[in-house]
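Topology and contacts: notes
As a plain string of letters, each chain reads:
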Amino acid sequence: QVQLVESGGGLVQPGGSLRLSCAASGSITDIYTMNWYRQAPGKQRELVASITSGGRTDYADSVKGRFTISGDNVKNTVYLQMNSLKPEDTAVYYCNSQFLGDYLNGDFGSWGQGTQVTVSS
């Protein structure tokens, strides 16, 4: 099992920046990919960014060029740097981890509790 704890959410003005953190503990050596999802009110949860254990990254089209996902293996933490934030980025952001089996089977794996990001003037 993997335990995930997010931090770093808050209120920011349009055009501003935030950095989310996700600290992982437990069976972290077997993690294949770490992902950030978000869910806005009345909408489905969507994948925002992912990073594999090999360092490959992927982004939703809506955040490409604005968000950057990175990992710190020493601190067992994954970050989501969010720049040029827009009101439509407002959502609860969730950290997610998948073992290789989860990824291949389409299972979601483990989730954090979520952190609220609000972009508003």
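Relevant structure appears above.
Residues numbered from 1 in each chain as written. Predicted model: local features only at pLDDT ≥ 70, side-chain atom pairs only at ≥ 80, totals over all residues. Heavy atoms only, no water.

1. Considering the pairing of strand 7 (residues 67-72)
Let me state the cut-off plainly: DSSP bridges decide pairing: two strands pair if at least two such bridges lie between them. Secondary structure elements are defined from DSSP: runs of H or I of at least 4 residues count as helices, runs of E of at least 2 residues count as strands, and each element is numbered from the N terminus.
Across six bridges, the pairing between strand 7 and strand 8 (residues 77-82) is antiparallel. Looking at the pairing, Gly-71 lines up with Val-78 of strand 8. The loop that links strand 7 with its antiparallel partner strand 8 comprises four residues; one of these, Asn-76, has a positive phi angle of about 55°.

2. A short note on the state of the cysteines
The condition is simple: Whenever a pair of cysteine sulfur atoms sits within 2.5 Å, that pair is classed as a disulfide. Burial classification: accessible surface area is computed with a 1.4 Å probe over protein chains only, and a residue below 20% of its type maximum counts as buried, one above 50% as exposed, and the rest as partly exposed.
What the rule picks out here adds up to one disulfide. Here Cys-22 connects covalently by a disulfide to Cys-95, the sulfurs 2.0 Å from one another. Measuring handedness by torsion sign, the sulfur bridge of Cys-22 and Cys-95 sits at about -80° and is left-handed. Of the two residues, Cys-22 is situated in strand 3 (residues 18-26) and Cys-95 in strand 9 (residues 91-99); the sequence distance between them amounts to 73 residues. We note that Cys-22, like Cys-95, is buried.

By themselves, these are just geometric observations and shouldn't be taken as functional.
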